[in-house]
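One letter stands for each residue in the lines below.
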Amino acid sequence: MTDRVLSLLSLSKKAGRIKSGGFQTDEAVKSGMAYLVIVSSDASENTRKHFSDMASYRDIPFRIYSDSGSLGHAIGADMRKSLAVTDEGFAEKIQELIDKAADTRRFTDGKEKNI
C-alpha cells in the first residue's frame, strides 16, 4: 500500500481509532467522538450530502477520498462508503495528506486544473 492516506487509515484502525459504515460514522459524529469524516468518491450524492451537512453543523472536517473498495481494504473490511477518525492526531495528519494530494493534482505544471 503506497498511498499514505490509506496507510494511516490502516494504522488508525489497528489503534482502534476508526468508526466505519453509515451507522457507526453517524454515531461517532453525533457523540462528538469524530475529528474527521471521510466519504468515498463513489458514495451516492445523498450519502455525501448527509455526512457533509452533519459534519459542517458540528464543525468537523469532511473530505471525499478514494473509492469504497480501497477505504474498506485499508481498514480490513469490505467496501466502506463512510468512516470517522476518532483520534485528533491521526485526523489532522490524514486531513493534511488528503489536502496536499488535492493541491498536487490541482496545480500540476503550475496551472490550476479541474479535478
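Coordinates for the structure precede this section.
Notes on the structure follow.

## What about the pairing of strand S4 (residues 82-85)?
- The alternating pattern of S4 places Ser-82 and Ala-84 on one face and Leu-83 and Val-85 on the opposite face, and all of these are buried.
- By the bridge criterion, four bridges tie strand S2 (residues 36-39) to S4 in an arrangement that is antiparallel. Across the sheet, Leu-36 pairs through a bridge with Val-85, a residue of S4.

## Considering the side chain of Thr-86
- Relative to the elements of secondary structure, Thr-86 occurs in the loop between S4 and helix H5 (88-106).
- If near-sequence neighbours (up to four positions away) are discounted, Thr-86 is found in contact with Gly-16, Arg-17, Ile-18, Lys-19, Ala-28, Met-33 and Tyr-35.

## Overview of the pattern of salt bridges
- Following the criterion strictly, the structure yields six salt bridges and no others.
- Close ionic contact of Lys-30 with Asp-26 constitutes a salt bridge, the shortest N to O distance being 3.6 Å. On the criterion of helical spacing, the pair formed by Lys-30 and Asp-26 is a turn pair, its members being four residues apart in helix H2 (residues 22-30).
- A residue is classified by how much of its surface remains accessible, and Lys-30, at 47% relative accessible area, is partly exposed.

## Considerations on the environment of Ile-94
- Relative to the elements of secondary structure, Ile-94 occurs in helix H5.
- Residues Ile-94 and Leu-8, 86 residues apart in the sequence, show an inter-C-alpha distance of 6.8 Å.
- Discounting residues that sit within four places of it in the chain, Ile-94 has contacts with Val-5, Leu-8, Leu-9, Ser-12, Leu-36, Ile-38 and Val-85.

What counts as what
Residues numbered from 1 in each chain as written. Predicted model: local features only at pLDDT ≥ 70, side-chain atom pairs only at ≥ 80, totals over all residues. Heavy atoms only, no water. Buried < 20%, exposed > 50% of the residue type's maximum accessible area, 1.4 Å probe, protein only. Helix = DSSP H or I, 4+ residues; strand = E, 2+ residues; numbered from the N terminus. Pairing = 2+ DSSP bridges. Contact = heavy atoms within 4.5 Å. Salt bridge = Lys/Arg side-chain N within 4 Å of Asp/Glu carboxyl O.

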